[in-house]
Each structure stands twice: as structure tokens, then as C-alpha cells.
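Structural features, examined
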Amino acid sequence: MQEIFYEESVDTHNQASAKRRFMVYRIFSIVSFVSAVFAFLTLLYGVPINTDEGFTAPVIISLVVWLVLMAAMIALGIFFARKKHTFYLSYDYTFVSGDLRISKVSNNRRRKHLYNVPTDRIIRIGRVGSESYEKLKKSPDVKEDVCTPNTEADDDKEFFYIHAQTNVGKKILVLECRIQLIYTVIRFINRPGILEPEFNKQTVSK
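About the cut-offs
What you see as residue numbers is a count from 1 along each chain, following the sequence as written. For a predicted model such as this one, the threshold for reporting local features is a pLDDT of at least 70, and the threshold for listing and counting side-chain atom pairs is 80 or more; totals across whole chains, interfaces and linings nevertheless cover every residue. Only hydrogens and water are removed before side-chain values are computed, so all heavy atoms of the structure are retained for them. Remark: nonpolar core denotes a set of buried residues (Ala, Val, Leu, Ile, Met, Phe, Trp, Tyr, Cys) joined through side-chain atoms within 4.5 Å. Exposure is judged per residue with a 1.4 Å probe applied to protein chains only, and the accessible area is read against the type maximum: over 50% gives exposed, under 20% gives buried, and values in between give partly exposed. Per the convention used, a helix needs a DSSP run of H or I reaching at least four residues, while a strand needs a run of E reaching at least two, with both numbered from the N terminus. Every residue pair with non-hydrogen atoms within 4.5 Å of one another is taken to be in contact. A residue's pLDDT is the confidence the predictor assigns to it, expressed on a 0 to 100 scale. Salt-bridge detection follows one rule: a side-chain nitrogen of Lys or Arg within 4 Å of a carboxyl oxygen of Asp or Glu. Here, a strand pair is defined by DSSP locating no fewer than two bridges between the strands. Lines are fitted to the C-alpha atoms to define the axes, a helix being fitted only along its stretch in contact, and any angle between axes, read from their N-to-C directions, falls within 0 to 180 degrees. Here the aromatic set is Phe, Tyr and Trp, taking the six-membered ring for Trp, and pairing holds for ring centres within 6.5 Å; pairs whose planes are under 30 degrees apart are stacked, those over 60 apart are edge-to-face, and all others are tilted.

Counting 29 residues, the largest nonpolar core has Tyr-93, Phe-95, Ile-102, Ile-122, Ile-125, Leu-175 and Leu-181 as the members making the most contacts within it. When contributions to this core are tallied by element, the ones reaching two or more residues are strand E1 (5–11), strand E2 (89–96), strand E3 (99–106), strand E4 (110–118), strand E5 (122–127), strand E7 (158–166), strand E8 (169–177) and helix H4 (179–188). In terms of residues, this core owes the most to one element, H4, which gives six residues. Each residue touching Phe-95, except ones within four places of it in the same chain, is listed here: Ile-4, Phe-5, Tyr-6, Leu-100, Thr-119, Leu-181, Thr-184, Val-185 and Phe-188. Of all hydrophobic cores here, the second largest spans six residues; its members include Tyr-133, Val-142, Tyr-161 and Ile-172.

Low pLDDT marks stretches whose predicted atomic positions should not be read closely. Counting all residues, the mean pLDDT for the protein chain is 86, and 91% of those residues have values of 70 or more. Per-element confidence in the protein chain ranges from a low mean pLDDT of 64 for helix H5 (residues 199–205) to a high of 95 for E7.

When the charged atoms of two side chains lie near each other, side chains of opposite charge can form a pair. Within this structure, the stated rule accounts for seven salt bridges. Taking the shortest distance from any N to any O, the salt bridge between Glu-131 and Lys-135 comes out at 3.3 Å. You can see Glu-131 and its partner Lys-135 sitting in helix H3 (residues 131–137), four residues apart, about one turn around the helix. In this pair, the class of Glu-131 matches that of Lys-135, namely exposed. Here the salt bridges do not stand alone but share partners, grouping Glu-8, Asp-156 and Arg-178 into one network.

Turning to the sheet that holds E4, a few remarks are in order. The pairing of strands in a sheet comes from backbone hydrogen bonds and takes either a parallel or an antiparallel form. Taken together, four strands build an open sheet; the order of strands is E1-E2-E3-E4 and the sheet is antiparallel. What marks the edges here is a single partner per strand, and that holds for E1 and E4. Each neighbouring strand pair of the sheet contributes to a mean axis angle of 15 degrees, computed without reference to strand direction. Looking at chain direction, E1 and E2 are connected through seven bridges and run antiparallel. Looking at E2, one finds that Phe-5 is bridged to Val-96. Strand contacts of H4: E1 and E2, with the helix running at about 30 degrees to E2, the strand carrying the most contacts.

For the coordinates displayed, the defined rule picks out eight aromatic pairs. Pairing Tyr-133 with Tyr-161 gives two aromatic rings, centres 5.5 Å apart and planes at 40 degrees, and the pair type is tilted. Of this pair, Tyr-133 sits in helix H3 while Tyr-161 sits in strand E7, and the two are 28 residues apart along the sequence. Using a relative accessible area of 0% as the deciding quantity, one classes Tyr-161 as buried. Between Phe-160 and Phe-199 the ring centres are 6.2 Å apart and the planes differ by 40 degrees, which places this aromatic pair in the tilted class. With Phe-160 in strand E7 and Phe-199 in helix H5, the pair connects residues that are 39 residues apart, well separated along the chain.

This is the structure in C-alpha cells:
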């Protein structure tokens, strides 16, 4: 069979807003970690302990307060540091003869490979919002993973789903892509029943 290669990317629509939110959360995370360091230094050097009297009630209360503050600042710092990578996102879809590869890119720098789905593990392909899609979502043994940062598709793209057996179980992978990617994947799969029953009807109606 002739080797097939197809690649497509989808970016966050409002990139300016996404960048601003990324920077805000980045600043919050830095401030939180700096505050945690300050709390630690205060705990280490600022809480007076009388060696003769030992740990009196006021000293214990001060220690507990600063420990709680330090833990809270560390937790907030971790939260903001992780949350900042959920705003400025893009996804890459690559199909290389027999394998659909999906990667997530944060802030145009951090790339994380999410899925490598061989075509023999693809169960069904269709459009998000179709009757087949809604029925599939209700299945208790199938989990959905939305591999796009957008809630509305670009003018030249649509939301499609790929129901597949992945390394982490059965998944509904939601892609925002051109129909050419779907046709490229289907062209490589030589077995019936891959497309949902209403897929071609929707295509014709458009």
C-alpha cells in the first residue's frame, strides 16, 4: 500500500486573550512560591522560641499558622503553574500510514504526545453531535477526550469524533479538523462499518 502522510494543526482562536491569561497565572504562581519561601524563612527565624520554656501555646500556634500559610502558598503555586498551561494551547494531528498521532502543545513550547492510534484500533468515526455520537457518549465503558482548545470550529473545519481502543482504554477522541483528515484515515482502513450510519447523509445534506 502506498504510504500516506497528512498533518494538521488547530490553534486557540483568541490567542491574545489566551496569552494574557497565561501570563497572569504565571505571575500568580511566582508570587505564591515567593510567599511560601517568605513563610518558611519567617517560620525558621521569625518565631521566637525560648529554650528554657520550650514550646509554649503561643509558640505552637505561631508555628501552626506559618506552616499552614506555607503549605497553602505552595499548593496555590502548583495550581497556578499547572493551570497556566490550559489556556494557550494547540493540537497537532498527524496521520502516517496506519497511525493517527495526536499531540498537545502548550504556549508554543511544551509538546506532549497524547495518543498513537493504529487504524486497526479505530472502531468508528463520525461527527460530534450526531445521534451515534450521543449514544456512544452514554456508554459507561467509554470516556471522551476533547483534543481541541475551541468550543466553535473554524470555518473550514468541523468537530469529528474517533472512537478507538487506546492504551488507556476505549476513548472518544474529539478533533477539530478538515474533512480531508477523516477521508485520509478512512482511505487507509479497508473494512466496513467505520463511518457512523448518518455520516454520508449529513455530507449530502450540506
